[in-house]
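The residues making up each chain are set out below.
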Amino acid sequence: MMNTLTTLGATLILATSTFAANANATEFTAADNTIGTQLCMAVAKDNKTSLRNTMQKLRVNKHVMTEKLMCNDLTVEKFAATYALTNSAKHLNIDLNTSTTIRDLSAQRNTDVLVVSGSK
C-alpha cells in the first residue's frame, strides 16, 4: 500500500512539472511600445487581471480587442487559439472550443521567444 502511494505521488509530481514546463514554453517579447503591441502583450500574458488592467489603462473595450486588434497579423481569437491563451480568451468572451483550427502538436518551433507586434 505504501509503495503504491509513493509511486502515485511521484507520478503526480512528474506530470505536474511536465505540464508547467510545457505551459510556459513560449516567451513573448514586445516588438515596440505601441498601444496595439501593449494590448497583444497583455493577451499573451494569459492573465485575466493583467489584461483587464491594461485594457482599462488604455481605455479599450472588449469589442475593439476582438474585432479590430491584430496580433502578429492574426485576429486576437486566432492568436489566443494558436498559443493556447485560454484565460485571455475567457476574459474576452472568446470560445476557443467552437473555432476550428489545425495545429501540428508534434511540430517543433525554432525558438522559444516570439516577438509580438500589434496593429497600428
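Residues numbered from 1 in each chain as written. Predicted model: local features only at pLDDT ≥ 70, side-chain atom pairs only at ≥ 80, totals over all residues. Heavy atoms only, no water.

*Asks:* Break down unusual backbone geometry for me, citing the residues and quoting the values.
*Replies:* In the Ramachandran plot, N72 falls in the positive-phi region, its phi being about 55° despite a non-glycine side chain. Mapped onto the fold, N72 is located in the loop between β2 (70-71) and β3 (74-75). Notably, D73 is not glycine yet its phi reads approximately 60°, a positive angle. Along the chain, D73 falls in the loop between β2 and β3. Residue class for D73 comes out exposed when judged on its relative accessible area of 73%. (Helix = DSSP H or I, 4+ residues; strand = E, 2+ residues; numbered from the N terminus. Buried < 20%, exposed > 50% of the residue type's maximum accessible area, 1.4 Å probe, protein only.)

*Asks:* Report on the confidence of the model for the protein chain, specifying residues and quantitative values.
*Replies:* Per-residue confidence for the protein chain averages 78 on the pLDDT scale, and 68% of its residues sit at or above 70. The lowest-confidence element of the protein chain is helix α1 (residues 2-23), averaging 46 in pLDDT; the highest-confidence one is helix α3 (residues 48-58), averaging 96. Within the model, the stretch residues 14-24 combines pLDDT values under 50 with zero contacts to residues more than four positions away or in other chains. (pLDDT = per-residue confidence, 0-100. Contact = heavy atoms within 4.5 Å.)

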